[in-house]
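# Summary of the model geometry
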Amino acid sequence: MMQSTWRQLFSDGANTAQTDTLLAPLQQALGPLDQPLPAARARQPELARALLALELPPWLVCELISDHNDWLYRRAIEQALASMQEQGWGEPPVRFCVLVMGSGGRHESLLHPDQDNALILDDYPPERHAEIDTWFLTLAERFTATLDAAGIPFCRGHVMASQPLWRKPISEWCEQMRLWMSMRRVKLVQQCNILFDFVPVYGDAELAERLRSRVLQQVPEAGLFLHEMAELFDESPVALDRFDRLQGDGREAPHPNAINLKRQGLLPLTAALRLLALKRDCPAVGSRERITALHQHGQLGDDLAWRLSRAFENLMALLLRAQLSTEAAGGRPDNWLDIRTLCDGELRLLQWDLLQVRSFQRHVRHLK
C-alpha cells in the first residue's frame, strides 16, 4: 500500500530513527539558528522544497516562508540595536514598532521579496525631534542594509523606514492617513495600498493597532478615495483577453508565453479583497484571512468564498512552483509563469481562476 509522508509516522515498526529520517530534510533546510542571515535567506528554496515534500499545501508553505522572512527581520533589527548599544547610542529613546507591509504584511511574499517596511514611534516633544529621529534613522539604515545584504533587497520605490515618509510618530501617522484618505490622487492610493497591508514585526504592537484603528475610522468619510481604489483595478487587469483566453500584458515579458502571475493574477485579487475589507470594517490582512473573515460576517456567500479561496490557493501554488523551477535551473526566482509548462487541465484551471478574480473585481467595484 502506498503511504503518504506523514502516515509513515504511524506505520508498523515506526521508531524514533524513522521519524528523524522523515524530518531530516526540513532540519537541514532550516540550518543552525545562529547561522549568518545571508546563509539563512539562501536556504529558503531548499526549505520550501522540504515543506512541499512533507505534503504541506503550497499556500501554507508560502506563509511559512514569509514567517521566515519575519524572523530575518527580527534578527536584522536585533543586530542593529546591539551594534548601536555597543557604539554608545544607548537604549531606544521612545517606544517603537517596525511594520512589514505589502505582500510581506499579507505573508504572501514567496521567494522573490523586497523590502516594504515602516517605523511607528511613540509621540515625543517637538524639541527632541532631531535627537530622536536621528536615532531611529540610524536604526532603520542599519537593519535595512543588513536585510539587503542578506538577500531581501532594498525597495525600488523607497518604501522603507530609512525614508522620512515611512518613519514618524504615531500622531503624525494618523494625521497623514487622514490627509491621504481625504483626497483622490493615484499616487496616494498606491502608497496606501502598500500601507494598508501591514503587520508589526518588531517592537510595541500597540502602536500598530492604534494606526489600524485610525485607518478603519477614516473609511466612512473616504468615499472619493475608495472610488479611486476601485478605479485602479483597471491598472492591474487579469491575464485574460476579451475572449477570456489566457494572455499576458506583455510588459517586460521574457517571451510571448510568459504571464506575470503576481501582477496579473494575485494582485488583482488582493486589491479587490483589500477594498472590500476596508468597506466592511474588516481588520484582517492576509488574503485567506480576509476571505474567511468576510465570509464569517456574511459579506461573502458560501460559493463566492469557496471560489476565491480555491483561486488564491492555486495561483500561489503555480507561482511558488514556477519560482522553484527557475531557481533549480540556476535563475533568480521571479513572478513569471511560462504557460507552456502547464498541461491542458492546468491551463483550464488557471483560466477559471482568473475569471473568478475578474468577476470579483467587478462585484467589489460596484458595492457601496
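Residues numbered from 1 in each chain as written. Predicted model: local features only at pLDDT ≥ 70, side-chain atom pairs only at ≥ 80, totals over all residues. Heavy atoms only, no water.

The next thing to look at is the environment of Leu33. Note on placement: Leu33 falls in the loop between helix 1 (16–30) and helix 2 (37–42). Spatially, the C-alpha atoms of Leu33 and Thr138 are 26 Å apart, while their sequence positions differ by 105 residues. Ignoring anything within four residues of it in the chain, the contact list for Leu33 reads Trp71 and Arg75. (Helix = DSSP H or I, 4+ residues; strand = E, 2+ residues; numbered from the N terminus. Contact = heavy atoms within 4.5 Å.)

Moving on: the side chain of Lys279. Summarising the element assignment, Lys279 is placed in helix 11 (residues 262–279). Despite its burial, Lys279 remains without a salt bridge, the nearest opposite charge being carried by Glu231 at 9.9 Å. Side-chain polar atoms of Lys279 contact the backbone oxygen of Val364, separated by 3.3 Å. Of note is the side chain of Lys279, whose polar atom sits 2.7 Å from the backbone oxygen of Leu367. Contact partners of Lys279, with chain neighbours within four places excluded, come to Val219, Leu226, Val364, Arg365, Leu367 and Lys368. (Buried < 20%, exposed > 50% of the residue type's maximum accessible area, 1.4 Å probe, protein only. Lys, Arg positive; Asp, Glu negative; His and termini not counted. Salt bridge = Lys/Arg side-chain N within 4 Å of Asp/Glu carboxyl O. Polar contact = N/O pair within 3.5 Å; in protein donor to acceptor, adjacent residues only side chain to side chain.)

Right, let's get into the pattern of salt bridges. Taken as a whole, this structure holds 25 salt bridges when the rule is applied. The shortest N-O distance in the salt bridge between Asp234 and Arg365 comes to 2.9 Å. Of this pair, Asp234 sits in the loop between helix 10 (223–231) and strand 5 (258–260) while Arg365 sits in helix 14 (residues 344–365), placing them 131 residues apart in sequence. By relative accessible area, which is 47% here, Asp234 ends up partly exposed. Overall, Arg365 belongs to the partly exposed group, its relative accessible area being 26%. Note that Asp241 and Arg245 form a salt bridge whose closest N and O atoms lie 2.8 Å from each other. Classification of Arg245 by relative accessible area gives partly exposed; the value is 47%. One connected set of salt bridges, linked through shared partners, spans Arg95, Asp122, Asp204, Glu206 and Arg210.

Tracing the chain through its elements places Asn257 in the loop between helix 10 and strand 5. Judged by its relative accessible area of 28%, Asn257 is partly exposed. Every residue in contact with Asn257, bar those within four places of it in the chain, is listed here: Leu337, Asp338, Ile339 and Arg340.

Limitation: the analysis is restricted to geometry and does not speak to function.
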